[in-house]
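Analysis of the macromolecular model
Okay, here's what each chain looks like letter by letter:
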Amino acid sequence: MADWYFRGGPSKNRLQTCPGCRNLVNRGEEFCPFCARRLKENSGIRSVVKKFFNRPDSMTRFLIGMIAAVFLLQIIADFFLPGNYRLGGGSGLWSMLAADGMTYIRMGSNFHALVASRHEYWRWVTYCFLHIGLIHILFNCWAFRDLGRLVEHLWGRRQLFAVFILTGIGGGFLSFAWNMFLNSPKNSAGASGAICGVLGLLLGAYYRNKYHVGERLGAHLVQWTVYILVFGLVAWADNGAHIGGLVAGAALGYFLPPTSHSKTLNRDMKIWNVLFRISVVLLVVSVAFAVAFYLRGPDFAAGVYLQSVGRALRLGL
């Protein structure tokens with residue numbers, strides 16, 4: 001009888017063992033009535049998201065996915081931009097699949113003259129997800145995949161997200177300040193400032209505690225520092241963003257070491273959680289501003305572009 005009950009009885013009466021408390025409970029229960037452990041897997045979107053972020057490199061993949069998605073949207077937006085609003089752009093191999101300058105402005109590039117005239121500081125977040133052509137995005141995703149996975153392993157998912165957003169802002173700020181000071185405002189875009197921030201995080205941690213983490217970081221630091229130096233020689237590279245991101249990341253890495261080597265882990269985790277929440281808010285708010293700006297249409301974007309350029313010329317920038 002008992003054998004029939006477990007093997008072939010009605011499905012509503014069949015039992016299962018709770019993996020937590022080992023008590024027998026009815027199959028189909030969502031929670032164990034004895035220990036309250038969840039018995040049924042989450043379904044739908046929530047389950048997919050949970051499984052995705054359980055991967056050891058999930059945040060690296062997530063951010064690369066965001067960059068790729070924005071690149072696709074950038075191509076679509078550029079296709080529908082009317083010809084009389086186009087500002088023109090580069091040509092040749094480096095500009096393959098690059099959008100028009102006006103498309104970048106509409107989607108949130110760090111256009112220095114516009115930031116100066118309209119105080120649109122949200123562009124210091126959104127510019128990180130825009131890229132000037134196929135080679136640009138491939139190089140950045142290649143670099144971030146390697147560095148991001150290492151940081152995610154040593155610090156964690158939330159820490160990587162916070163570093164990407166906050167050092168991207170640092171790169172956007174220094175790019176703006178540097179180029180305005182040199183009287184050469186740019187229309188800047190790309191994740192390289194944030195990627196330099198991730199590299200800076202590793203450099204800061206290495207400098208603070210090289211004997212413990214140096215063996216794991218040394219080869220990567222040499223490889224990617226050379227890469228950044230070489231990439232900075234490209235004529236259109238934004239070295240202000242590179243340096244700003246690198247310095248911001250180095251400060252974080254120096255004062256907030258990898259979790260496995262932190263002597264003040266509880267304090268560090270509280271700081272990281274605050275930085276993560278701030279980063280999420282900054283990203284959401286910045287994307288909302290970018291969407292609102294884009295939806296106002298090319299007429300509005302062209303108008304503020306001309307106003308900002310005219311103001312820059314009057315100031316001698």
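Residues numbered from 1 in each chain as written. Predicted model: local features only at pLDDT ≥ 70, side-chain atom pairs only at ≥ 80, totals over all residues. Heavy atoms only, no water.

Summing up its helical and strand segments, the protein chain has 13 helices and four strands in all. A separation threshold of at least 6 residues defines the contact pool for the protein chain, and within that pool the share at least 24 residues apart is 69%. Summed over all atoms, the accessible surface of the protein chain reaches about 16,800 Å², with 64% contributed by carbon and sulfur. (Helix = DSSP H or I, 4+ residues; strand = E, 2+ residues; numbered from the N terminus. Contact = heavy atoms within 4.5 Å. Areas by Shrake-Rupley, 256 points an atom, 1.4 Å probe, with all protein chains shown as cover.)

What the second largest pocket holds in volume is close to 370 Å³. For the lining of the second largest pocket, the elements supplying multiple residues, two or more each, are helix H3 (58-79), helix H4 (101-107), helix H6 (123-126) and helix H12 (265-295). The leading source of residues in the lining of the second largest pocket is H12, at six residues. Partitioning the lining of the second largest pocket into residue classes produces 15 nonpolar, one polar and one charged. (1 Å grid on protein atoms, 1.4 Å probe; cavity = no way out; pocket = protein on both sides within 12 Å on 5 of 7 lines; lining within 4 Å. Points joined across faces, edges and corners; volume = space filled by probe spheres on them. Nonpolar A, V, L, I, M, F, W, Y, C, P; charged D, E, K, R; others polar.)

Aromatic ring pairs: the centre-centre distance and the angle between the two ring planes describe each pair. Under the definition given, this model contains 14 aromatic pairs. Here Tyr207 and Tyr254 contribute two aromatic rings whose centre-to-centre distance is 6.3 Å and whose plane-to-plane angle is 35°, an arrangement assigned as tilted. Placement of Tyr207 in helix H9 (residues 192-208) and of Tyr254 in helix H11 (residues 239-255) is noted, with a sequence separation of 47 residues between them. The exposure class of Tyr254 is partly exposed, given its relative accessible area of 30%. (Phe/Tyr/Trp six-rings, centres within 6.5 Å; stacked < 30°, edge-to-face > 60°. Buried < 20%, exposed > 50% of the residue type's maximum accessible area, 1.4 Å probe, protein only.)

Overall, the coordinates contain five salt bridges when judged by the stated rule. Notably, a salt bridge pairs Arg61 with Asp57, separated by 3.0 Å at the nearest N-O pair. Assessed through its relative accessible area of 42%, Arg61 is described here as partly exposed. Taking the relative accessible area as the measure of exposure, Asp57 reaches 11% and is therefore buried. We note a salt bridge from Arg123 to Glu120, for which the minimum N-O separation is 2.7 Å. Comparing Arg123 with Glu120 shows no difference in burial state: the two are buried. Look at the salt bridges and you will find they share partners, linking Arg118, Glu120 and Arg123 into a network. (Salt bridge = Lys/Arg side-chain N within 4 Å of Asp/Glu carboxyl O.)

What follows covers the confidence of the model for the protein chain. This prediction gives the protein chain a mean pLDDT of 84; 82% of its residues lie at or above 70. Confidence scores differ between elements of the protein chain, with helix H1 (residues 2-7) showing the lowest mean pLDDT of 43 and H6 the highest of 98. Counted against residues more than four places away or in other chains, residues 1-12, with its pLDDT under 50, gives 11 contacts. (pLDDT = per-residue confidence, 0-100.)

The backbone phi angle of Leu97 is positive, close to 65°, even though this residue is not glycine. Phi is positive for His119, close to 55°, though the residue is something other than glycine. Assignment of secondary structure puts His119 in the loop between helix H5 (112-118) and H6.

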